[in-house]
Amino acid sequence: MMLETHNLSKNFGSIRAVQQMNLQIPEGSVFGILGPNGSGKSTTLGMVLGVVTPSEGSFSWFGKGDDHHVRREIGAILERPIFYPAFTAVQNLKVTAKIKGVGQERIDECLKLVGLFDRRHSKFKTYSLGMKQRLAIAAAMLPDPKVLILDEPTNGLDPTGIAEIRELIKDIARGGKTIVLASHLLDEVQKVCTEFCVLRSGKLIYQGPVSETGESLQRTTVDLAAGDQALDEVLKRIDLVESFTKMPDGHYRAEVAGECTAADLNKVLFDQGIVLSYLHTHRQSLEEKFLEILKNQA
Ligand code: ADP
Ligand code: MG
């Protein structure tokens, strides 16, 4: 694992900002930490970056615990970093390189990576917000870290800036970096991440994969009936049906494999001698699933 936390917790006085967090972030993933404002995302990132002292629990980077050598492998943007307004991108990155104690040989490469090479001699104050954020990512990438940590990287950007940052994150991931991204935006996590977890009131309440299309998070539910015929036995036998319940109105509600269509199910049932009198398919999106996760944990 790239990062594991064990019962990681943080209290600010009586506020339990993060409670008994057990996170596993695999190497090579674009890992989303999704949660509403105040759910503990930034506090969690602050702890694993060594800027917030945990009240309880521990964490381990690269299976090696938490020591200073390990921190060099981690690039992070927690808030918008401060650059000198009258300096160009190149001048600012030279300052960053000095502060971080790394060489200047990667400056051009990092500027190309974030799409600012052509504007490298423009002053920082002439940059759009999106360009400023991309320069911050370039600065974080200067030491060639194994992991890049981003806290709400698209906050305050216009739609073009948002799209550029999301593409950049995917590019960096394709280059072999692990990325940890905190966001309160469901669609951001869906578009950018390969795995995600959900935080609510400081607690980890869900962790799972996001497929490229979000498909694996789509759940298909089918409501069906065949007159007042009991379908329990046949539904138990069918592989396409993962689980089912009988509703108060006598209809059955079945959870089916994600790719299964109403026609598939109808055909399999017909082959079993069942003629349906009612069939209704409902696909649950990631958004509905997220809302359901939050509701069930209330
Ligand atoms: P998120 O990043 O998900 O919006 P935070 O981690 O910033 O959430 O905050 C989690 C909770 O901890 C919130 O209730 C917030 O008000 C509180 N909190 C965060 N930092 C501090 C701090 N330095 N002092 C007191 N309370 C804090
Ligand atoms: Mg935050």
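Residues numbered from 1 in each chain as written. Chains lettered and ligands numbered in written order. Predicted model: local features only at pLDDT ≥ 70, side-chain atom pairs only at ≥ 80, totals over all residues. Heavy atoms only, no water.

Caption draft 1: Broad picture of the overall build of the protein chain. Summing up its helical and strand segments, the protein chain has 10 helices and 14 strands in all. Here the C-alpha atoms of the protein chain give a radius of gyration of 24 Å, more than 25% beyond the 19 Å that 2.2 N^0.38 yields for 298 residues. Along the longest, intermediate and shortest principal axes, the C-alpha atoms of the protein chain span 75 × 45 × 30 Å. With 298 residues in all, the protein chain has 45% of them scored as buried. Here the protein chain has roughly 14900 Å² of accessible surface; of this, 50% comes from carbon and sulfur atoms. If the 35 positive side-chain charges of the protein chain are averaged to one point and the 37 negative ones to another, these points end up 9 Å apart. (Helix = DSSP H or I, 4+ residues; strand = E, 2+ residues; numbered from the N terminus. Rg over C-alpha atoms; globule rule 2.2 N^0.38 Å. Buried < 20%, exposed > 50% of the residue type's maximum accessible area, 1.4 Å probe, protein only. Areas by Shrake-Rupley, 256 points an atom, 1.4 Å probe, with all protein chains shown as cover. Lys, Arg positive; Asp, Glu negative; His and termini not counted. Charge placed at Lys NZ, Arg CZ, Asp CG, Glu CD.)

Caption draft 2: Structural context of the environment of T221. Of note, T221 is situated in strand β11 (residues 219-225). Residues T221 and T261, spaced 40 residues apart in sequence, show a C-alpha to C-alpha distance of 9.9 Å.

Caption draft 3: Fine view of unusual backbone geometry. One non-glycine residue, Q20, adopts positive backbone phi at about 45°. Tracing the backbone shows Q20 in strand β2 (residues 15-21). We note that F62 has phi near 55°; this positive angle belongs to a residue other than glycine. Topologically, F62 is positioned in the loop between β5 (56-61) and α2 (68-71). Taking the relative accessible area as the measure of exposure, F62 reaches 17% and is therefore buried.

Caption draft 4: Summary view of the packing of aromatic side chains. A complete count under the given rule lists six aromatic pairs for this structure. Ring geometry for W61 and F62: centres 5.8 Å apart, planes at 40°, overall tilted. You can call W61 buried: its relative accessible area is 0%. Summarising the aromatic geometry, the rings of F196 and Y206 are spaced 5.4 Å apart at their centres and angled 50° between planes, so their arrangement reads as tilted. Of this pair, F196 sits in strand β9 (residues 195-200) while Y206 sits in strand β10 (residues 203-209), placing them 10 residues apart in sequence. Accessibility expressed as a relative area gives 21% for Y206, which makes it partly exposed. An aromatic cluster of three or more residues is present, and its members are F83, F124 and Y127. (Phe/Tyr/Trp six-rings, centres within 6.5 Å; stacked < 30°, edge-to-face > 60°.)

Caption draft 5: Seen up close, the domain arrangement of the protein chain. Split by domain assignment, the protein chain resolves into domain 1 (3-213) and domain 2 (216-283). Of note, the centres of domain 1 and domain 2, computed from C-alpha atoms alone, are 44 Å apart. (Domains from an automatic or database assignment.)

Caption draft 6: Here's a closer look at the environment of A136. Within the element layout of this structure, A136 appears in helix α5 (residues 129-141). Taking the C-alpha atoms as reference, A136 lies 9.9 Å from A89; in sequence the two are 47 residues apart. The contacts of A136, once residues within four sequence positions are left out, are I77, P81 and F83. (Contact = heavy atoms within 4.5 Å.)

Caption draft 7: The arrangement of the site of ligand 1 in detail. With respect to spatial proximity, the complete set of residues near ligand 1 consists of F12, I15, A17, P36, N37, G38, S39, G40, K41, S42 and T43. S39 is positioned with one of its backbone polar atoms (N or O) 3.2 Å from an oxygen atom of ligand 1. Contact with the protein chains covers 59% of the free accessible surface of ligand 1, which is 560 Å². Elements supplying a minimum of two residues to the shell around ligand 1: β2 and α1 (41-48). Tallying contributions element by element places α1 first for the shell around ligand 1, with three residues. Residues belonging to the shell around ligand 1 are distributed by class as follows: four nonpolar, six polar and one charged. (Near = heavy atom within 4 Å. Polar contact = N/O pair within 3.5 Å; in protein donor to acceptor, adjacent residues only side chain to side chain. Nonpolar A, V, L, I, M, F, W, Y, C, P; charged D, E, K, R; others polar.)

Caption draft 8: Layout of helix α3 (residues 89-100). For α3, which comprises 12 residues, the first-to-last C-alpha distance of 16 Å matches the rise-based estimate of 16 Å (1.5 Å per residue) to within 8%. Within the sequence span of α3, burial applies to A89, V90, N92, L93, T96 and A97. Across the axial projection of α3, the buried residues extend over an arc of 160°, all falling on one side. Set apart from the buried face of α3 by more than 90 degrees, the exposed residues are K98 and I99. Where α3 is buried, its residues meet α4 (107-113) and α5. Where α3 terminates, the next one or two residues include G101, which has phi positive at roughly 70°. (Expected span 1.5 Å × (residues − 1). Arc of directions from axis to C-beta.)

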